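This is what each chain is made of:
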Amino acid sequence: MAETESSISDPPKPDETPKEETPSTTTTTDSLSFNIWPPTNRTRDAVVRRLVETLTTDTVLSKRYGSVATDEAEKSARSIEQEAFDAAHSEHASRFGSGSGSGSSSVEDGIEILQVYSKEVSRRMLEFAKSRAEKAVPTPAPVEAASE
């Protein structure tokens, strides 16, 4: 008589339904917590990787302003991200006081500072692409009308 083997399956997943957020920058869900601001190093590194991808691959930005060599893009992306982070961090400090960086009064405040960070990244990336394109392409002389 053949005995049925019990199949080994993956352990049950914890309930994945989102829990209500508490009004603070740090959101806690049982033993899991995260800060809205400042972003983790992992998040900041992901921003840099995305900037490099945007600057080096075939995107609307690179079609308009030209693509960038990977080495230059990596260096510039780090600089762009750091400057944007510093600007957002300064904004955070001016609104909520200096300190560890996580002292904003609500999740909404943290999201607002993340929006400042995101806008700064975008603005600085566009400025970089434009300035690089202006250096690369000399301004053409005005074309005179042909005489008839």
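Residues numbered from 1 in each chain as written. Predicted model: local features only at pLDDT ≥ 70, side-chain atom pairs only at ≥ 80, totals over all residues. Heavy atoms only, no water.

- The name an unreviewed UniProt entry gives the protein chain is MFP1 attachment factor 1, with Rhynchospora pubera as the organism.

### Thoughts on the side chain of E120
Here's step 1: Within the secondary structure, E120 is located in helix 4 (residues 107–136).
Here's step 2: Look at E120 and you get buried, because its relative accessible area is 17%.
Here's step 3: For E120, the side chain forms a polar contact with the side chain of R123, separated by 2.7 Å.
Here's step 4: Leaving out residues up to four positions away in the same chain, E120 has contacts with A84 and A87. (Helix = DSSP H or I, 4+ residues; strand = E, 2+ residues; numbered from the N terminus. Buried < 20%, exposed > 50% of the residue type's maximum accessible area, 1.4 Å probe, protein only. Polar contact = N/O pair within 3.5 Å; in protein donor to acceptor, adjacent residues only side chain to side chain. Contact = heavy atoms within 4.5 Å.)

### Re the pattern of salt bridges
Here's step 1: Taken as a whole and assessed by the stated rule, the structure comprises ten salt bridges.
Here's step 2: Salt-bridge contacts for R123 lead to E127; the nearest nitrogen and oxygen are separated by 2.6 Å. Of the two residues, R123 and E127 both sit in helix 4, four residues apart, roughly one turn of that helix.
Here's step 3: Take R123: its relative accessible area is 37%, and that puts it in the partly exposed class.
Here's step 4: Of the residues examined, E127 reaches a relative accessible area of 43% and is grouped as partly exposed.
Here's step 5: Each of E83, E120, R123, R124 and E127 takes part in salt bridges that share partners, so that together they form one network. (Salt bridge = Lys/Arg side-chain N within 4 Å of Asp/Glu carboxyl O.)

### Structural notes on the packing of helix 1 (residues 41–56) against helix 4
Here's step 1: At a minimum axis distance of 12 Å, the contact between helix 1 and helix 4 shows a crossing angle of 30 degrees. As the angle between them shows, helix 1 and helix 4 are arranged roughly parallel. Between helix 1 and helix 4 the crossing geometry is right-handed. Counting all contacts with helix 1, which are made through R44, V47, L51, T54 and L55, the residues of helix 4 involved are Y117, V121, M125 and F128.
Here's step 2: Taken together, the residues that form the contact of helix 1 with helix 4 break down as seven nonpolar, one polar and one charged. (Axes fitted to C-alpha atoms, helices over the stretch in contact; angles between N-to-C directions. Parallel < 35°, antiparallel > 145°, perpendicular 65-115°, else oblique. Left-handed = near helix turned anticlockwise from the far one by under 90°. Nonpolar A, V, L, I, M, F, W, Y, C, P; charged D, E, K, R; others polar.)

### Thoughts on the packing of aromatic side chains
Here's step 1: Taken as a whole and assessed by the stated rule, the structure comprises three aromatic pairs.
Here's step 2: Their ring planes at 65 degrees and their centres at 5.9 Å tell us that W37 and Y117 sit as a pair that is edge-to-face. Remark: Y117 occurs in helix 4 and W37 occurs in the loop between strand 2 (32–35) and helix 1; sequence separation between them is 80 residues. Grouping residues by exposure puts W37 and Y117 together as buried. (Phe/Tyr/Trp six-rings, centres within 6.5 Å; stacked < 30°, edge-to-face > 60°.)

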